[in-house]
Amino acid sequence: MQTSVIDRPVAGPAPVSRSRPARLLWSLAGGWLAHLLLRLWLFRYHAGPVANPDEIGYLLAARWLAGGPGGDYSGSTFYQGGYPLLLAPLSWLSTDPATVYRLVSGLGAVVSASAFPLAYLVLRRLALGRRAALTLAFVAGLAPSLLVFSGLALVDAVLPTLVLGWLVALHDLVTRRSVVPGVVAGALSGLALAMHMRGAILFGVFVVCVLSVLAWRRAPRRAGLWALGAAAAAGGAGMLVNARLKAALYPGGAKDLSGLALERMTSLEGQARSLAGAAGQIWYLVTATWGMAGVGIVAALVVLVRRGSPYRVAAGVALALTLGIAYASSAALPDEHRVGNYAYGRYLACVAVAWTLVGLAALLRSRRRAALAGASAAAGLLALSGGLAAWYAGDRLTRYHYIAFDFPETAFLSGVRDRFDPVGASLAALVLLAAITAAALVRTKGLIREKEQVREKGVTHTRTAGALVLAFALAVPNVAFAADLAPKSAPAAGNDGLPRLTHGRVGLDTRVKWNIWVHLIHRVHWTAVERVRPAEGPLPEGLCTVVAAPEAGAPPAGWKVTARGQGWVTWTAC
C-alpha cells in the first residue's frame, strides 16, 4: 500500500480566526443534540427490558447499589458493577420499574450521542480538517453499533463512547506527553475493568502500553506513573464494588465463564473453537460496518510495520484490543446451541465506530492506489474471516437456534429475517464497500475537487469537498439502517402473561423457569424476591405471596390460589 492515513508530512501552525472556536462548539452541540433526539425517537416505545437476563441483571445491580432491594441472581452471568454505578442515581428519582427503565434508556442515548464529539476528536487526531471531521463524525455517529444498544439497559450502550475517549486520551498521552490525558485514559481503563470482561482486556492493553512507552521513553515518567496510578485507583475501587455486588446478589455463585475460557485455552479443540469464534466476530465487525472496519484494520497493520509514525502506538493498541476481545470472549462464550456462538457482533461493537473512523480517514487521505489496495485488502479480510468461521461451524449455522437480536446488521444487509444468511450479508457489505471507496476516489478524478491545505498545530490537514461525497456514501446505509431499526407503530397493549404483584414479601419457587423469575425480580421493586422450595418443607413466615411452579400442587393450609398462568401459579396468604 502507498502513503497511508498517518504517513503524511507535517507543517507549522497558521493563525486561526477567533470566531472558529465558537462556531465549532455550536456545531458540536447541535450535532450532539440531533443524535440524542434520534436515539430518543428510535426507542420512544421502549418501556421495559427485552435482552434478558442481561438487562435485568444490570438493573437489579443498579437498584441494589442505590440502596433498594436486591434479589438472588445465582447461577447467572455476573453483571459487574461499573455500569450499574452510572445507573444507580436514576433509582433515586423513582421506584417504578417502567419509569426507571425509561430514564436508563435516556441516559444511554445521552452517552451514545456523545460519541459524535469524540469521533470528531479522533478524526482531528488523524489530521482531517474541521469541516471534513465534523461531517464524517456526524455520519459515523449514525453507525449501527451506536444505535442498536443505545436505548437498552446494557453496558454496550456506553462502551463504544468510552473506547473512543480512551483511544483519544491514550494517543494524547504518547504524542502530547502530558499528565491529564494519561489520568483520563487510566481512569477510563479502571472504569472499563469494573464494567465487563471486555474492560479487563482494555485494562490489560493499557497497562502493557504505558509500561512499554515508559521503557522506550516515549512518554514522561511522571505522566506514565500518574496514568498507571489512576488506572489502579479506579480499577481497585471497581473490584471492591464488584466483590460486594457478587456477595449480595449471587449468594449461590455466578456462572464460571473464566473457568470455561481457561479450559478452552488449554486444549486443542478449545483453541480451535476460540479462534474460529474470533474469526466470526471479525467477519461480523467488517460486515456490520459496510467494510469500513476492514479498511481501518488494514491501515493500522500498515502503520504498525512502519517506523516513525506518531500513530504507531495507537494502531498497536487498537489492534491488540480488538483481537484480544474477539479471542477471549469467544473462549468464554458457552455453547448454547445458538448461531451467535459462531458469528457474533455484540462484543466487538465497542470498537466498530473507532475502526470505521480510521477507515474513513484512510480512504480520504490516501492516494488512489493506496485507497484501492486498502479496500481490496478489507474485502479479503471479510472473505477470509467469514470463510474460516463458516468452515468450522459447518451445518451448525443452519441447525442451531437463530436469534434475530444477535444479527441486526446482517439481517438488514441480506434482507433475510428468519435465518442466518452470511453469503447475502457479505455480498451486500462488499457492494457498499465498493460504493464508499468509489465515493472517496471522486476527488482524484477531479469531479469534485476543493482541496485546501490547512496548517494548524503542527499538522497538515486536508479539507476537501470529497469528504462530503464520502459522508453521503456512508450516510445512505446508515440512515437506511436507522429507518429499518425504527419502530413502525406503538406495541399493542395487553397482558404479558406474568403474575401481577403489588405488595408484601414475595417468595419464588425455585422450579419456576428463568424467563418468569427474571422479570419478577425486576418488577417486584419494594422487596427482595426470596427463593423458596415448597416441596421440601413449610414456607417462611411473613410471606405474602408465593409464585409457585404448576407441579407444586395444592397450596399449604392458610394459603389460597389467586391466579394462574403458563408456567406459574400464585398463592396468597395476606
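Going by the structure above, here's the rest.
The structure displayed is predicted, hence computed values, not measured ones.

## Looking at the overall build of the protein chain
Working step 1: When you go through the protein chain residue by residue, the secondary structure sums to 23 helices and 7 strands.
Working step 2: Against the compact-globule benchmark of 25 Å for 574 residues, the protein chain has a radius of gyration of 25 Å, which places it among compact chains.
Working step 3: Overall, the protein chain is about 85 × 50 × 50 Å in size when its C-alpha atoms are taken along their principal axes.
Working step 4: The burial tally for the protein chain puts 55% of its 574 residues in the buried class.
Working step 5: Just so you have it, the protein chain exposes about 24,200 Å², and 63% of that area is on carbon and sulfur atoms.
Working step 6: Averaged over its 54 positive side-chain charges, the protein chain has a centre that lies 15 Å from the centre of its 27 negative ones.

## Describing the packing of helix H13 (residues 268-288) against helix H15 (residues 312-332)
Working step 1: Between H13 and H15, the shortest axis-to-axis distance is 8 Å and the interhelical angle comes to 130°. Relative to H15, the element H13 lies oblique. The two elements H13 and H15 meet at a crossing, and its hand is right-handed. Within the contact between the two elements, H13 uses Gln271, Arg273, Ser274, Leu275, Gly277, Ala278, Gln281, Ile282 and Leu285 and H15 uses Thr322, Leu323, Ala326, Tyr327, Ser329, Ser330 and Ala331.
Working step 2: Looking at the contact of H13 with H15, its residues break down into 8 nonpolar, 7 polar and 1 charged.

## Digging into the environment of serine 76
Working step 1: Structurally, serine 76 can be placed in the loop between helix H2 (54-65) and helix H3 (82-87).
Working step 2: For serine 76 and glycine 57, which are 19 residues apart along the polypeptide, the C-alpha to C-alpha distance reads 8.6 Å.

## Let's talk about the packing of helix H5 (residues 115-125) against helix H8 (residues 159-176)
Working step 1: Two elements in contact, H5 and H8, have axes whose closest approach is 9 Å; the angle formed by their N-to-C orientations is 30°. With respect to their mutual orientation, H5 and H8 come out roughly parallel. Relative to H8, the crossing made by H5 is left-handed. For the pair H5 and H8, the contacting residues are Ala115, Leu118, Ala119, Leu121, Val122 and Arg125 in the first and Thr161, Leu164, Gly165, Val168, His171, Asp172 and Arg176 in the second.

## Comments concerning the packing of aromatic side chains
Working step 1: Across all of its chains, the model carries 18 aromatic pairs by this definition.
Working step 2: With a centroid separation of 5.7 Å and 85° between ring planes, the pair formed by tyrosine 73 and tryptophan 517 is classed as edge-to-face. Here tyrosine 73 is found in the loop between H2 and H3, whereas its partner tryptophan 517 is found in helix H23 (residues 514-523), with 444 residues between them in sequence. Grouping residues by exposure puts tyrosine 73 and tryptophan 517 together as buried.
Working step 3: Pairing phenylalanine 116 with phenylalanine 138 gives two aromatic rings, centres 5.7 Å apart and planes at 85°, and the pair type is edge-to-face. Pair noted here: phenylalanine 116 is in helix H5 and phenylalanine 138 is in helix H6 (residues 130-140), with a separation of 22 residues, a long-range link.
Working step 4: On the basis of relative accessible area, phenylalanine 116 is assigned to the buried category, the value being 2%.
Working step 5: Here a set of aromatic residues connected by ring pairs shows up, and it is made of Tyr58, Tyr73, Phe78, Tyr79, Tyr83, Tyr250 and Trp517.
Working step 6: The ring of tyrosine 342 carries the charged tip of arginine 273 above its face, separated from the ring centre by 4.8 Å.
Working step 7: In this arrangement the basic side chain of arginine 531 is found over the ring face of tryptophan 517, its NZ or CZ atom lying 4.5 Å from the centre.

## Overview of unusual backbone geometry
Working step 1: Residue proline 53 follows asparagine 52 across a cis peptide bond; omega there is 10°.
Working step 2: Its location among the elements puts proline 53 in the loop between helix H1 (19-42) and H2.
Working step 3: Positioned with a positive phi, alanine 127 is a non-glycine residue whose angle comes to about 75°.
Working step 4: As for its position among the elements, alanine 127 is in the loop between H5 and H6.

## Concerning helix H9 (residues 179-193)
Working step 1: With 15 residues, H9 extends 21 Å between its outermost C-alpha atoms, agreeing within 8% with the 21 Å of an ideal straight helix rising 1.5 Å per residue.
Working step 2: Along H9, the residues that are buried comprise Val179, Pro181, Gly182, Ala185, Gly186, Ser189, Gly190, Ala192 and Leu193.
Working step 3: Residues of H9 that are buried sit in contact with H8, helix H10 (197-215) and helix H11 (221-249).

## Here we look at the state of the cysteines
Working step 1: As enumerated under the stated definition, the model contains 1 disulfide in all.
Working step 2: There is a disulfide in this structure between cysteine 544 and cysteine 574, and the S-S distance comes to 1.6 Å. You can see cysteine 544 sitting in strand E5 (residues 543-548) and its partner cysteine 574 sitting in the segment after strand E7 (568-572), a full 30 residues away along the chain.
Working step 3: There is no disulfide at cysteine 209, and the cysteine sulfur nearest it, in cysteine 350, is 17 Å away.
Working step 4: When its relative accessible area of 3% is taken as the criterion, cysteine 350 is described as buried.

The rules behind these values
- Residues numbered from 1 in each chain as written.
- Predicted model: local features only at pLDDT ≥ 70, side-chain atom pairs only at ≥ 80, totals over all residues.
- Heavy atoms only, no water.
- Helix = DSSP H or I, 4+ residues; strand = E, 2+ residues; numbered from the N terminus.
- Rg over C-alpha atoms; globule rule 2.2 N^0.38 Å.
- Buried < 20%, exposed > 50% of the residue type's maximum accessible area, 1.4 Å probe, protein only.
- Areas by Shrake-Rupley, 256 points an atom, 1.4 Å probe, with all protein chains shown as cover.
- Lys, Arg positive; Asp, Glu negative; His and termini not counted.
- Charge placed at Lys NZ, Arg CZ, Asp CG, Glu CD.
- Axes fitted to C-alpha atoms, helices over the stretch in contact; angles between N-to-C directions.
- Parallel < 35°, antiparallel > 145°, perpendicular 65-115°, else oblique.
- Left-handed = near helix turned anticlockwise from the far one by under 90°.
- Contact = heavy atoms within 4.5 Å.
- Nonpolar A, V, L, I, M, F, W, Y, C, P; charged D, E, K, R; others polar.
- Phe/Tyr/Trp six-rings, centres within 6.5 Å; stacked < 30°, edge-to-face > 60°.
- Lys NZ or Arg CZ within 6 Å of the ring centre and 35° of its normal.
- Expected span 1.5 Å × (residues − 1).
- Disulfide = S-S within 2.5 Å.

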